[in-house]
Amino acid sequence: MDIAYSPCPNDTFVFDAWAHGRVPEAPPLEVTFADIDVTNGMAERGEGTVLKVSYAVLPWVLDEYALLPCGGALGRGCGPLVLTRDTGTGTGTGADLVGRTVAVPSERSTAYLLFRLWAADRVPGGVGKVVVMPFHEIMPAVRDGVVDAGLVIHEARFTYQEYGLTRLADMGEHWEETTGLPIPLGAIIAKRSLGAERLRLLAASARASVRMAWDDPEASRPYVREHAQEMDPSVADRHIGLYVNEFTADLGPDGYAAVRGLLTRAAAEGLVPALAPGALDFP
């Protein structure tokens, strides 16, 4: 079974047991590591059987793929941040971005949808320009004045001060304050052509892999460290603690409500196509 997910600690932690054949009755995995912007593109082209993607891409791919009810990333207090240089001259509000250039990691990302929904409320007149650049280039670009602000995700929450940057706004805080729902970030999807029985097996395998990682966190450490590049181990642990939670094991009613809420709001703003009835249902 081919699967593509990121080398980020939350994904390697979640899939360690399954990828290494420790989940009973789970199909063997052939893993490809790819940035989520790459896997989003794969999903849009119908490439790959099982993929970790942004929730934001679902409206374009749910005809061909089914959303698995586990294995992904939702949570509270884990939203994307808008960062600026700490010049001491700004107001510390969305007004600072009026007419400014903002770097984002992808226009198909959940982070971008959350940013656009926040900006619609908090940036009167709108930002001047949005530019897409690789995630790892965003904080240096803000620091060096290449762009005025940057939208960042994941471990950047823990490291942005090392770049002399300041947090202008937390997209997750805005989402939670306005909806009361968890923040939907990354989803696991699989080809509908596999059939209901196979899809249920994949979901059970992902759920079992998550629970095995929780039961024995030390077992996943070599896999996490191998793919976390130069990330500080303490940052990797905080990353896992933030993005792997009860919604990873089961979306549940609040998780599904968050996904529907995000995509419904985004469709109302003209950012994504409207979901078809039943599009999020799992066989």
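The preceding data block contains the structure.
Now for a look at the structure at hand.

Cut-offs applied
Residues numbered from 1 in each chain as written. Predicted model: local features only at pLDDT ≥ 70, side-chain atom pairs only at ≥ 80, totals over all residues. Heavy atoms only, no water. Pairing = 2+ DSSP bridges. Helix = DSSP H or I, 4+ residues; strand = E, 2+ residues; numbered from the N terminus. Axes fitted to C-alpha atoms, helices over the stretch in contact; angles between N-to-C directions. Contact = heavy atoms within 4.5 Å. Salt bridge = Lys/Arg side-chain N within 4 Å of Asp/Glu carboxyl O. Buried < 20%, exposed > 50% of the residue type's maximum accessible area, 1.4 Å probe, protein only.

## Quick word on the sheet that holds strand β10 (residues 165-170)
Now for step 1: Reading across the sheet, the 5 strands line up as β8-β7-β9-β6-β10 and stay open at both edges, with mixed pairing between neighbours. Of all strands in the sheet, those with a lone pairing partner are β8 (129-132) and β10, marking the two edges. Averaged over all pairs of adjacent strands, the angle between strand axes in this sheet comes to 30 degrees, irrespective of strand direction.
Now for step 2: Pairing of strand β6 (residues 81-85) with strand β9 (residues 149-152) involves 4 bridges; the strand directions are antiparallel. From the neighbouring strand, Thr84 faces β9, where its bridge partner is Ala149.
Now for step 3: Strands β6, β7 (101-104), β8, β9 and β10 of the sheet are contacted by helix α4 (residues 110-122), whose axis makes an angle of about 130 degrees with β9.
Now for step 4: With respect to the sheet, helix α7 (residues 171-179) is in contact with β6, β9 and β10, its orientation differing from that of β10 by roughly 20 degrees.

## Some words on the pattern of salt bridges
Now for step 1: Scanning all chains against the criterion turns up 11 salt bridges.
Now for step 2: The salt bridge partner of Asp11 is Lys52, with a shortest N-O separation of 2.5 Å. You can see Asp11 sitting in helix α1 (residues 9-19) and its partner Lys52 sitting in strand β3 (residues 50-54), a full 41 residues away along the chain. In this pair, the class of Asp11 matches that of Lys52, namely buried.
Now for step 3: For Glu176, the salt bridge goes to Arg76, with nearest N and O atoms at 3.5 Å.

From the geometry alone we can't say anything about function, so treat these as descriptive.
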